[in-house]
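Observations on chain architecture
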Amino acid sequence: MDEAALVRDALQGDLDAFNRLVLAYQDMAFNLAFRMLGEDDAAEDAAQTAFISAYRSLSSYRGGSFKAWILRMVTNTCYDELRRRQRRPTIPLEPVSEEDEEVESPRWLADDGPSPEESAERAELESAIQHCLGRLPDDFREVVVLIDVQGLDYSEVSITTGKPLGTIKSRLARARLRLRDCLQHFGELLPQSFRLEDEAK
Amino acid sequence: MSNQLSPKEWQTLSAYLDGQLSERETRQVEARLRTQPDLQSGLEELRHTRMLLRSLPKRRAPRNFTLTREMAEQIRPARQKAQPRFFSTLRLVSAFASFLLVMTFLGDLALQGTTNNLVANQAREMQPAMEAAAPQAPPTEQVFEPFMAAPEEALQTNRAAQEEPTPGAELRVFGSEIEPTPDETEIARRMTAAPPGMGGAVSEPEGTPGVGGGGPDVSTPLATPAPIEEPALATELPTEPAEFSMKAADTPVPTEQPLPEQPQADGQQLEFATQPQDLAADQAEAAEAQFDARSLFRPVEITLAVIALICGLAAVYLRLKTSP
């Protein structure tokens, strides 16, 4: 796929060229939106909205990594959705006790985690990780998802987020540290090596 | 867990894990890892955390997010209407007209300042001229009266002026300090261009060390076109006392050096009598010309302002009308 040629054709109004770019990046966009929002439906809407926004503002693309540019559209759409959620809070996923305190139990996730497509253990682990991702601040989550989940390098994330490399490094380290602390509560779901080290300590 | 590590150390370990450290930093971290178990266990924790995140399954899009023709048509008109054909032209014309308006306004202001200065100079120059024209004005009487009187009287008066500094001489000294205008220079030149024998050292009998004849004239650098000849003249008078030479050099007297290349006729005295009026007339004409030029700025400014306003408002109207 000649990405530059497709972008050039899309800029001239070639819808087919733009749709080929969409097909190339839609999985990545949806995956990023899902890890940011934690819901399939919201991620689907965010990905679609992001591609519409990309088509509308294609003239603002100034070259460079088109992947980083399109992922920036996705993260911006996710931020809009997260802000909308903050304005209109919904029922929390975590159950609350009678004292209105959040009950954070790995068993709760393990018992109710749906795993229709993969094995139950694998789905539970994914749910646990997603749960910990959801507890991160938005800007930390954005960086760790882009680097550790999506596999982007630091410079691409710097372009996508519009933040300098030092900020990316700092946010990534702090996000990993928080995830490590959070995942310790799901010791039974973690791989054997992770648990053994934890028990050794 | 390695909770003893500082945030900076965690950040260094995280960057080391991804290979984002420089070669020197990498060597430093590896040296510390060999000796510090906490650092090593912290690195392993970060490595496992990253491994877990990387193990997350890649979710595939549940459907295609390609845009249909209908969706594109809904988006494209908005994008095209946002930049109509005339929008950029109107915006450019408005900006250009605004720029020209600013430049014209600045030019108008500059011209206005020049005119004010001209009027002020004219008033300042007219004042001594009027005072000279008045017969009862004693300070300027000694300067202008010789030109109206007979040559003998002028010679006497000029000698008297040479013996003691006159107010006119003081005026010349002041004028030489403030860089006289060309008109002032012309007045001074004509004043110094007296008839032969009016005070030039050359016409002095028996080579009397005249005040302005021997020493260099430091008071009239602009009124004398050939100042190089004056020191030479001073050196031609070896009998001149050194004390007097110093005095001559220190005493500014304006009316001692005739200008040989501009011989004066008697009629020029009368011409000079009317010089202030002519000067005033010339300056009035110049001011009037500048005023006429300024009057041309007004319609230009108004036209440019109207163009800038209309084009700018039209551009804003188009943008508001076509924005999605």
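Attention here is on the structure that accompanies the text. (Residues numbered from 1 in each chain as written. Chains lettered and ligands numbered in written order. Predicted model: local features only at pLDDT ≥ 70, side-chain atom pairs only at ≥ 80, totals over all residues.)

Secondary structure assignment for chain B yields 13 helices and 0 strands. In chain B, the succession of α and β elements from N to C terminus is α-α-α-α-α-α-α-α-α-α-α-α-α. The proportion of buried residues among the 324 residues of chain B is 24%. Considering only contacts within chain B whose residues lie at least 6 apart along the sequence, 79% involve residues at least 24 apart. (Helix = DSSP H or I, 4+ residues; strand = E, 2+ residues; numbered from the N terminus. Buried ≥ 20, exposed ≤ 12 C-beta atoms within 10 Å, placed from the backbone. Contact = placed C-beta atoms within 7 Å.)

What follows concerns the overall build of chain A. The helix and strand tally for chain A stands at 10 helices and 0 strands. Across chain A, helices and strands are ordered from the amino to the carboxyl terminus as α-α-α-α-α-α-α-α-α-α. Scored against the burial criterion, the 201 residues of chain A give a buried share of 37%. Across chain A, the fraction of contacts at a sequence separation of at least 24, relative to all contacts at a separation of at least 6, is 56%.

Along an α-helix, residues three or four positions apart point the same way, because every turn accommodates 3.6 residues. All names here are of chain A. Turning to helix 8 (residues 154–161), its buried residues number three or more, namely V157, S158 and T160. Summarising the axial view, the buried residues of helix 8 lie within an arc of 165°, below the 170-degree limit, and thus occupy one face. Tucked into the core, helix 8 has its buried residues touching helix 4 (66–87), helix 7 (138–149) and helix 9 (165–183). Directly beyond the C-terminal end of helix 8, a positive phi value near 75° is found at G162. (Arc of directions from axis to C-beta.)

Counting from both sides, the interface comprises 31 residues of chain B and, opposite them, 37 residues of chain A. Contributing elements (two or more residues each) for the side of chain B that touches chain A: helix 1 (7–17), helix 3 (37–54) and helix 4 (69–82) of chain B. Here the side of chain B that touches chain A takes 9 residues from helix 3 of chain B, the largest share from any one element. Taken together, the residues of the side of chain B that touches chain A sort by class into 15 nonpolar, 7 polar and 9 charged. (Nonpolar A, V, L, I, M, F, W, Y, C, P; charged D, E, K, R; others polar.)

All names here are of chain B. The contact between helix 1 and helix 3 brings their axes to 10 Å, and the two run at 55°. By the angle between their axes, helix 1 is oblique relative to helix 3. Once helix 1 is placed against helix 3, the crossing between them reads as right-handed. Between helix 1 and helix 3, the residues in contact are E9, W10, L13, S14 and L17 and L39, G42, L43, L46, R47 and R50, respectively. Class assignment of the residues belonging to the contact of helix 1 with helix 3 gives a composition of 6 nonpolar, 2 polar and 3 charged. (Axes fitted to C-alpha atoms, helices over the stretch in contact; angles between N-to-C directions. Parallel < 35°, antiparallel > 145°, perpendicular 65-115°, else oblique. Left-handed = near helix turned anticlockwise from the far one by under 90°.)

Next up on the list: the nonpolar core. Counting 60 residues, the largest nonpolar core has A:A29, A:A33, A:A47, A:V74, A:V143 and A:V144 as its most contacted members. When residues in this core are grouped by element, the largest group, 13 residues, is from helix 2 (residues 15–37) of chain A. Counting residues in hydrophobic clusters, the runner-up holds 7 residues, among them B:A97, B:A308, B:C311 and B:A315. (Core = buried A, V, L, I, M, F, W, Y, C linked by C-beta atoms within 7 Å.)

Here we come to the environment of A:Q26. Mapping A:Q26 onto the fold places it in helix 2. In this structure, the C-alpha to C-alpha distance between A:Q26 and A:A50, residues 24 residues apart in sequence, is 10.0 Å. Those residues within four positions of A:Q26 in sequence are excluded, and the remaining contacts are A:A47, B:A61, B:N64 and B:F65.

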